[in-house]
Amino acid sequence: KSVNPDFRTVIHTGYWGCGAYGGNRELMSLLQLIAACCAEVDVLHFHSGGDNEPYEKAVGILEQIMGSEGGMNEADISLE
């Protein structure tokens, strides 16, 4: 972004690595969401394979942690 302010970072992710941490999809989703916020990702497309509940819970936790002051807004996070 420092080279081109019009550049947008778009990440496609999902439940990759969810065998780690005892297969806790909610925790793995939350870690990915936090990493995306820290990396200032503009758009995060999360591919859930139809199992949306762990991801939705992680988004709720992130909203509690970040509040309205930071991170990505709902328009920047999509569930596929």
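Reading the values: rules and limits
- In this numbering scheme, every chain counts its residues from 1 along its sequence in written order.
- Restriction of local features to residues with pLDDT of at least 70 applies here, the model being predicted, together with a cutoff of 80 or more for giving and counting side-chain atom pairs; totals for whole chains, interfaces and linings are based on all residues.
- Based on all heavy atoms of the structure, the side-chain values leave hydrogens and waters out of the count.
- Only runs of H or I of at least four residues qualify as helices and only runs of E of at least two qualify as strands under DSSP, and these elements are numbered from the N terminus.
- Helices are assigned an expected span. That span is 1.5 Å times one less than the residue count.
- Only protein chains enter the accessibility calculation, which uses a 1.4 Å probe; a residue is then buried when its area is under 20% of its type maximum, exposed when over 50%, and partly exposed in between.
- Comment: arc refers to directions from the helix axis out to C-beta atoms.
- In this description, a nonpolar core means a group of buried Ala, Val, Leu, Ile, Met, Phe, Trp, Tyr and Cys residues linked to one another through side-chain atoms lying within 4.5 Å.
- Counting of polar contacts relies on pairs of N or O atoms within 3.5 Å, with two restrictions inside protein: one atom must be capable of donating a hydrogen and the other of accepting it, and residues adjacent in sequence are counted only when both atoms are side-chain atoms.
- Each residue carries a pLDDT score, the predictor's own confidence in it, on a scale running from 0 to 100.
- Angles shown run from 0 to 180 degrees and are taken between the N-to-C directions of axes, each axis being a line fitted to C-alpha atoms and, for helices, limited to the stretch in contact.
- Geometric relationships in this document are graded by angle, where less than 35 degrees denotes roughly parallel, more than 145 denotes roughly antiparallel, 65 to 115 denotes roughly perpendicular, and other angles denote oblique.
- Note: crossing handedness is left-handed where the near helix turns anticlockwise from the far helix by less than a right angle, and right-handed where it turns clockwise.
- Contact criterion: two residues are considered in contact whenever any of their non-hydrogen atoms come within 4.5 Å of each other.
- Each residue is assigned to one of three groups, with Ala, Val, Leu, Ile, Met, Phe, Trp, Tyr, Cys and Pro labelled nonpolar, Asp, Glu, Lys and Arg labelled charged, and all others, Gly among them, labelled polar.
- Note on ring pairs: Phe, Tyr and Trp rings are taken, using the six-membered ring of Trp, and paired if centres are within 6.5 Å. Classes follow the plane angle, with under 30 degrees stacked, over 60 edge-to-face and the rest tilted.

Let's shift gears to helix α2 (residues 53–66). Each full turn of the α-helix corresponds to 3.6 residues, which orients residues three or four apart in the same direction. The first and last C-alpha atoms of α2 sit 20 Å apart over 14 residues, in line with the 20 Å expected at 1.5 Å per residue. All of the buried residues along α2 are Pro-54, Tyr-55, Ala-58, Val-59 and Leu-62. Along α2, the residues classed as buried sweep out an arc of 140° about the axis, all on the same side. Directly after α2, the chain includes Gly-67, whose backbone phi takes a positive value near 65°.

It is characteristic of soluble globular proteins that their nonpolar side chains tend to be buried jointly. Ranked by size, the top nonpolar core spans twelve residues in total: Tyr-15, Leu-30, Leu-33, Ala-36, Cys-37, Val-41, Leu-44, Phe-46, Tyr-55, Ala-58, Val-59 and Leu-62. Every element with two or more residues in this core is listed here: α1 (25–38), β2 (43–47) and α2.

For Ser-48, the position within the fold is in the loop between β2 and α2. At a separation of 2.5 Å, a polar atom in the side chain of Ser-48 contacts the side chain of Asn-52.

Here we take up the confidence of the model for the protein. Here the protein averages 81 in pLDDT, while 76% of its residues score no lower than 70. Of all helices and strands in the protein, the one with the weakest mean pLDDT is strand β3 (residues 77–79) (65), whereas strand β1 (residues 10–14) scores best (91).

Orientation of α1 relative to α2, taken along the N-to-C sense of each, is 45°, at an axis distance of 8 Å. Here α1 is positioned oblique relative to α2, judged by the angle of their axes. When the axes of α1 and α2 are compared, the crossing they make is right-handed. Only Pro-54, Tyr-55, Lys-57, Ala-58, Val-59, Ile-61, Leu-62 and Met-66 of α2 make contact with α1, whose side of the interface consists of Arg-25, Glu-26, Ser-29, Leu-30, Leu-33, Ile-34 and Cys-37. When the residues that make up the contact of α1 with α2 are grouped by side-chain class, the tally is eleven nonpolar, one polar and three charged.

Before going further, it helps to spend a moment on the packing of aromatic side chains. Going through the model one piece at a time under the given rule, you end up with two aromatic pairs. Centre to centre, the rings of Tyr-15 and Phe-46 are 5.1 Å apart; their planes meet at 75°, and the pair counts as edge-to-face. A residue pair is termed long-range when its members are at least 10 positions apart, and Tyr-15 in the loop between β1 and α1 and Phe-46 in strand β2 qualify at 31 residues. An identical accessibility class is assigned to Tyr-15 and Phe-46; each is buried. Geometrically, the ring pair formed by Phe-46 and Tyr-55 is stacked, given 4.2 Å between the ring centres and 25° between the ring planes. A residue is classified by how much of its surface remains accessible, and Phe-46, at 0% relative accessible area, is buried. Here the aromatic residues Tyr-15, Phe-46 and Tyr-55 are joined through ring pairs into a cluster of three or more.

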